[in-house]
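# Tertiary structure, described
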Amino acid sequence: MNREKDFVVFSQRMAGFLMMNGCGLKKIKNDINIPTKFVYYFPNTDYVKNFVEQYLNKSNKRRDKVEQRI
């Protein structure tokens, strides 16, 4: 049986961004190391990866903007 791995997300903010952009959440579990946090599982598809890349690019641009002010 060939099981495709899930795309695992540890950031609530990123998980929210993915869901707001139509990426379906497969499941959610408590983090083993920090029980008050969650781990989010998405399908490992190009659609999800595209939005992850968009999220990371936006996040890096915000970080660069803040660093320029300092």
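Coordinates for the structure precede this section.
Presented here is an overview of the structure given in this document. (Residues numbered from 1 in each chain as written. Predicted model: local features only at pLDDT ≥ 70, side-chain atom pairs only at ≥ 80, totals over all residues. Heavy atoms only, no water.)

Before going further, it helps to examine the environment of Gln12. Looking at the element boundaries, Gln12 is found in helix H1 (residues 12-20). Taking the relative accessible area as the measure of exposure, Gln12 reaches 61% and is therefore exposed. Considering only alpha carbons, one finds Gln12 and Lys37, 25 residues apart in sequence, at a separation of 8.6 Å. (Helix = DSSP H or I, 4+ residues; strand = E, 2+ residues; numbered from the N terminus. Buried < 20%, exposed > 50% of the residue type's maximum accessible area, 1.4 Å probe, protein only.)

Looking now at the nonpolar core. In this structure, Val9, Met14, Ala15, Phe17, Leu18, Cys23, Tyr40, Phe42, Val48, Phe51, Val52 and Tyr55 together form the largest nonpolar core, which totals twelve residues. Only H1, strand E3 (38-42) and helix H2 (46-69) provide two or more residues apiece to this core. Residue contacts for Phe17: discarding those within four places in its chain leaves Phe51, Gln54, Tyr55 and Lys58. (Core = buried A, V, L, I, M, F, W, Y, C linked by side-chain atoms within 4.5 Å. Contact = heavy atoms within 4.5 Å.)

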